[in-house]
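The primary structure of each chain is shown beneath.
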Amino acid sequence: MLRSCAARLRPLLVAHGRPGGARLTSTFSFEEVTQKDHALPKPSWSKDLRLLFDQFMKKCEDGSWERLPSCSRHSVQRFQNFTKAFFSGSIPVKEEQISQAKFFPRSFEDGLGFEYAMFWSKDEKRIVCLFQGGLYLQGIPGFLHGGALVTLIDTTLGTHAMLAGGAVMTANLSINFKRPMPLCSVGVINTQLDKIEGRKLFVSCNIQSVDEKTVYTEGTGKKLLLSSCLASSLSLSPSFFFSFVLVYNPHMPINF
Ligand SMILES: CCCCCCCCCC(=O)SCCNC(=O)CCNC(=O)[C@H](O)C(C)(C)COP(=O)(O)OP(=O)(O)OC[C@H]1O[C@@H](n2cnc3c(N)ncnc32)[C@H](O)[C@@H]1OP(=O)(O)O
């Protein structure tokens, strides 16, 4: 069973993150592409975000925490493998569109949209996402749009669920907006996995201010594993996750 799952997953898996970018190879064209890792400090990051990021990078030094790299595009190959595995290849998107597609939270210019970095605690099994919502994410004047907060919550909870179980989709998401969050301020998302029932993963989180005095938003989500075979005890490592989410490179070892 596990072997057949691994065989099914093999085309989806791959690769590794490197600070600043990862060299990716696509089997289709044998082309080499350099993907930018967006979860690294940029000039547009505020001092608060940079300070928090540095604190978590320190926590990574003893291996108890790991930074999750993040790119903006999937390779065409990986997209096709994913749709074949989980949707019988029946996604109505043209090939030329696939190569143009971008991961929504990474689709803005630097500093104007979502700036974020996620850290995974292997022991505590939780994610901390540090983020700053840019000027193009405004809702009511001066504050972040609720949909922007939901996007980040869904992305962070989805990432947690994937690390805990495998490929997931959001079935249900419940949001409680407690306080408006100022535009360009820094927030901290803390996630937890509440329970797993068969294919259903129940995850929750909140968004707090840096000083932890304000809870801006709370989110609870139900994620469904896309294949019951993935719900077997495959516990994915962050490096596996990076590759799983982003690219297919048949030359890299599978490390789960
Ligand atoms: C870089 C990486 C970052 C990763 C994070 C990315 C985050 C982004 C995540 C997304 O945005 S996903 C996109 C938004 N979600 C969707 O489009 C999902 C659309 N819905 C579906 O495709 C299907 O409804 C779904 C796959 C969720 C479930 O269909 P299934 O046919 O597999 O489930 P089924 O109907 O058999 O139900 C299985 C169980 O789930 C429960 N369930 C299904 N849909 C539910 C629902 N909507 N709410 C609550 N429970 C639900 C259902 O009651 C049942 O419970 P029991 O096992 O106890 O009987």
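Bear in mind that the values here come from a model prediction, so they are computed numbers and not experimental data. (Residues numbered from 1 in each chain as written. Predicted model: local features only at pLDDT ≥ 70, side-chain atom pairs only at ≥ 80, totals over all residues. Heavy atoms only, no water.)

Peer 1: Can you break down the overall build of the protein chain residue by residue, with the values?
Peer 2: Summing up its helical and strand segments, the protein chain has six helices and nine strands in all. By the burial criterion, 46% of the 256 residues in the protein chain qualify as buried. Contacts in the protein chain between residues at least 24 apart in sequence constitute 69% of all its contacts with a sequence separation of at least 6. Accessible surface, the protein chain as shown: approximately 12600 Å² in total, 54% of it carbon and sulfur. (Helix = DSSP H or I, 4+ residues; strand = E, 2+ residues; numbered from the N terminus. Buried < 20%, exposed > 50% of the residue type's maximum accessible area, 1.4 Å probe, protein only. Contact = heavy atoms within 4.5 Å. Areas by Shrake-Rupley, 256 points an atom, 1.4 Å probe, with all protein chains shown as cover.)

Peer 1: I'd like to hear about the nonpolar core, residue by residue, with values.
Peer 2: If you look at the biggest cluster of nonpolar residues, it comprises 23 residues, and the most contacted ones within it are Y116, F131, L144, M181, I189 and I207. Looking at this core, the elements that each hand over two or more residues are β4 (114–121), β5 (126–133), α5 (146–164) and β8 (200–209). Per-element accounting of this core gives the leading share, six residues, to α5. In contact with I189, other than residues within four places in its own chain, are I127, V128, C129, F131, L152, I153, T156, C205, N206 and I207. (Core = buried A, V, L, I, M, F, W, Y, C linked by side-chain atoms within 4.5 Å.)

Peer 1: Lay out the packing of aromatic side chains in plain terms, naming residues and giving numbers.
Peer 2: Going through the model one piece at a time under the given rule, you end up with seven aromatic pairs. Consider the rings of F104 and F114, whose centres lie 6.0 Å apart with planes at 75°: the pair is edge-to-face. Here the residue F104 occupies a position in the loop between α4 (95–98) and β4, and F114 occupies one in strand β4, the gap between them amounting to ten residues. The exposure class assigned to F104 is partly exposed, which follows from its relative accessible area of 47%. Put simply, the rings of W45, F53, F56, W65 and F119 pair up and form one aromatic cluster. Note that R106 overlies the ring of Y116, its terminal NZ or CZ placed 3.5 Å from the centroid. One cation-aromatic arrangement involves K195 over F202; the distance from NZ or CZ to the ring centre is 4.6 Å. (Phe/Tyr/Trp six-rings, centres within 6.5 Å; stacked < 30°, edge-to-face > 60°. Lys NZ or Arg CZ within 6 Å of the ring centre and 35° of its normal.)

Peer 1: Tell me about the confidence of the model for the protein chain, residues and numbers included.
Peer 2: Per-residue pLDDT for the protein chain averages 78, and the proportion of residues at 70 or more is 75%. Scored below 50 in pLDDT, residues 228–256 makes 101 contacts in the model with residues more than four places away or belonging to other chains. Both scores are given for the predicted complex: the pTM is 0.82, the ipTM 0.96. (pLDDT = per-residue confidence, 0-100.)

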